Amino acid sequence: MPYENIIVTIEDSIGLIQLNRPKVLNALNAAVMRELGQAFDEFEANDAVRCIVIYGNERAFSAGADIDAMKTATPVEMLQRDWVAQWDRPRRMKKPVIAAVSGYALGGGCELAMACDIIIASETAQFGQPEINIGVIPGAGGTQRLPRAIGKARAMEMILTGKFMKADEAERRGLVARVVPVESYLEEAKALAREIASKPPIAVQFAKECVNKVYELPLGEGLEYERRHFYFLFSTEDQREGMEAFLAKRKPQWKGK
Ligand code: DAK
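Everything in this summary refers to the structure shown in the same document. Everything numeric in this text was worked out from a predicted model, so none of it was measured. The residue numbers shown here count from 1 along each chain, following its written sequence. Selection of residues for local features in this predicted model requires a pLDDT of at least 70, selection of side-chain atom pairs for listing and counting requires 80 or more, and totals for whole chains, interfaces and linings are taken over all residues. Hydrogen atoms and water are omitted, and side-chain values are computed over all heavy atoms in the structure.

### Concerning the side chain of Gln-129
Here's step 1: Helix and strand labels come from DSSP, where a helix needs a run of H or I of at least four residues and a strand needs a run of E of at least two; each type is numbered from the N terminus. Topologically, Gln-129 is positioned in the loop between strand S8 (126-128) and helix H7 (142-150).
Here's step 2: A distance of 3.5 Å separates a polar side-chain atom of Gln-129 from the backbone oxygen of Gly-107.
Here's step 3: Reaching out from Gln-129, the side chain makes a polar contact with the side chain of Glu-131 at a distance of 3.1 Å. Here a polar contact is taken to be a pair of N or O atoms separated by no more than 3.5 Å, where protein atoms must pair a possible hydrogen donor with a possible acceptor and residues adjacent in sequence count only if both atoms sit in side chains.

### Points about the nonpolar core
Here's step 1: For this analysis, a nonpolar core means a set of buried residues of the types Ala, Val, Leu, Ile, Met, Phe, Trp, Tyr and Cys, connected via side-chain atoms within 4.5 Å. Each residue's exposure class comes from its accessible area (1.4 Å probe, protein chains only) as a fraction of the maximum for that residue type: buried when under 20%, exposed when over 50%, partly exposed otherwise. Core analysis: the biggest nonpolar cluster contains 43 residues, and Ile-17, Leu-19, Leu-36, Ile-54, Phe-61, Val-101 and Phe-127 have the highest contact counts within it.
Here's step 2: Ranked by residue count, the leading element in this core is helix H1 (residues 30-45), at 6 residues.
Here's step 3: Two residues qualify as a contact provided that any one of their heavy atoms is within 4.5 Å of a heavy atom in the partner residue. In this view, Leu-36 contacts Ile-6, Ile-17, Leu-19, Ile-54 and Leu-112; residues no more than four positions away in its chain are not counted.
Here's step 4: One finds Val-180, Leu-192, Ile-196 and Val-204 within the second-largest nonpolar core, a separate group that totals 17 residues.

### Describing the site of the ligand
Here's step 1: The nearness test applies per residue and asks whether one of its heavy atoms lies within 4 Å of the molecule or strand. Close contacts around the ligand come from 23 residues, with Arg-59, Ala-63, Ala-65, Ile-67 and Gly-108 the closest.
Here's step 2: Between Arg-59 and the ligand, the recorded distance is 2.9 Å, taken from a side-chain N or O atom to an oxygen atom.
Here's step 3: Between the ligand and the protein, one listed contact pairs an oxygen atom with a backbone N or O atom of Ala-65 at 2.8 Å.
Here's step 4: For the accessible areas, the method is Shrake-Rupley and the probe is 1.4 Å, while residue cover comes only from the protein chains on display. Here the ligand, which alone exposes 1,100 Å², has 65% of that area covered by the protein.
Here's step 5: At the level of elements, helix H2 (67-70), helix H4 (83-87) and strand S6 (104-106) are the ones that each hand at least two residues to the shell around the ligand.
Here's step 6: Ranked by residues supplied to the shell around the ligand, first place goes to H4 with 3 residues.
Here's step 7: Residues that form the shell around the ligand fall into these classes: 15 nonpolar, 4 polar and 4 charged. When residues are grouped by polarity, Ala, Val, Leu, Ile, Met, Phe, Trp, Tyr, Cys and Pro land in nonpolar, Asp, Glu, Lys and Arg in charged, and all others, Gly among them, in polar.

### Description of the pairing of strand S7 (residues 118-122)
Here's step 1: Burial runs high along S7: 4 of the 5 residues are buried.
Here's step 2: As judged from the 4 bridges shared by strand S5 (residues 97-101) and S7, these two strands associate in the parallel manner. Looking at the pairing, Ala-100 lines up with Ile-120 of S7.
Here's step 3: When DSSP finds two or more bridges between two strands, those strands count as paired. When S7 meets strand S10 (residues 178-180), the two strands line up parallel, connected through 3 bridges. Each bridged residue has a counterpart across the sheet, and for Ile-120 the counterpart in S10 is Arg-178.

Following this line, the structure appears as structure tokens:
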């Protein structure tokens, strides 16, 4: 499938998506979001792909929705674009999605990174929801995901002032899993993806689903949800293989069944 705004490749079992509008700091317009959706569909359907990494370039993961493309939009046009579903796509993927963030992750760019399962940040990463400065508010999850990630007080401050948060603070507050040197941020994200890709796929899928439920369910229901998935794994060949391999002191051979 030809892509014009993103670069899509597969390396070993890792699906790679690079946002590729460097002149506008990878601003996200309808075409980018459509192509992103297609790439996610492609990777979800490809059994050879076990984990996905999405990234931009050193200067910017993404500076947000394309302001030029949005400035004259009507409410009905915004509604018809159905953008929210597209931003939520990484969360809805069965396979884990890692955002490798260097430079700016702002507005819709920050929201896209937060919709991924793990963020690996370079030392130069900066996160922000600066929509207030252009007369709007976050519209693709920022007011909901940022407070859940870093707490209400700091999220409120960021959203009301539009000020950015640097990588080291983002790590301290739990927005990102790890901060690494800018020279190696992509390699680190790929290495993490390879490690996840080496685990039993059904268990990986269930673990992702269960952790994401923490944002949606009360504790009792979340615990039940987890338990049902745990029991279900005892119907997989990989559960038997994992436990037998452990006891036989050998490496397990996962089948994804
Ligand atoms: N859109 C369009 N162009 C952008 C852009 C953006 N978001 N960000 C940067 N650019 C362009 C600049 O216009 C400039 O273009 P030229 O002048 O070279 O033609 C080029 O990228 C380089 O940017 P700068 O010259 O400004 O570079 P600086 O290093 O001086 O500044 C900056 C970098 C990131 C601080 C600055 O560019 C900036 O403040 N950018 C805007 C950041 C921003 O406000 N982002 C939030 C946008 S609103 C929704 C889904 C999503 C959204 C809403 C709803 N639904 C599902 C309903 C999302 C909304 C947003 O993200």
